[in-house]
Amino acid sequence: MPQGEIDISILKYRKEKRISQADFARLVGVRQATVSNWESKKVSPSGKHLERIRELTESLTLERKAKSNSDELALLKELLSAKEEIIEHLKTTIDRIKRG
């Protein structure tokens, strides 16, 4: 992952999780100033810190996918429920028409 992508990943992670640089620093095991330096592109994360950043950002991606799947499932359930209501309405209308 190139440095520019790391900076963006850190910022995206922090914004989505609504955490401070200090909170992110605790997750990675560094000082807040180090996170600030990474985000301002003054320095690059070392190998072990880079790996931890990747773990965190990948976990966020998995969380997004799970939420997306959950949202999609909820939408499908709503559509199915609406379909069933429409079918019932059509049956009632057809019966009323048949009865004259």
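Residues numbered from 1 in each chain as written. Predicted model: local features only at pLDDT ≥ 70, side-chain atom pairs only at ≥ 80, totals over all residues. Heavy atoms only, no water.

**Section: the side chain of E39**
Argument step 1. Inspection of the secondary structure puts E39 in helix α3 (residues 32-39).
Argument step 2. With a relative accessible area of 14%, E39 lands in the buried category. (Helix = DSSP H or I, 4+ residues; strand = E, 2+ residues; numbered from the N terminus. Buried < 20%, exposed > 50% of the residue type's maximum accessible area, 1.4 Å probe, protein only.)

**As for the environment of T61**
Argument step 1. Secondary-structure assignment places T61 in helix α4 (residues 47-99).
Argument step 2. Measuring from C-alpha to C-alpha, the distance between T61 and Y13 comes to 9.5 Å, with 48 residues separating the pair along the chain.

**Focus on the nonpolar core**
Argument step 1. With 12 residues, the main nonpolar core is built from I10, Y13, I19, F24, A25, V28, V30, V35, W38, I53, L56 and L60.
Argument step 2. Every element with two or more residues in this core is listed here: α1 (3-17), α2 (21-28), α3 and α4.
Argument step 3. In this structure L56 touches Y13, F24, L27 and V28, once residues within four positions along its chain are discounted. (Core = buried A, V, L, I, M, F, W, Y, C linked by side-chain atoms within 4.5 Å. Contact = heavy atoms within 4.5 Å.)

**Topic: α2**
Argument step 1. Looking at α2, one finds that the buried residues are Q21, F24, A25 and V28. Projection of α2 onto a plane perpendicular to its axis shows the buried side chains occupying an angular sector of 105°, all on one side.
Argument step 2. Between the side-chain oxygen at the start of α2 and the backbone nitrogen of A22 there is a gap of 3.3 Å, and the oxygen is on S20.
Argument step 3. After α2 finishes, the residue G29 shows a positive phi value of roughly 90°. (Arc of directions from axis to C-beta. Polar contact = N/O pair within 3.5 Å; in protein donor to acceptor, adjacent residues only side chain to side chain.)

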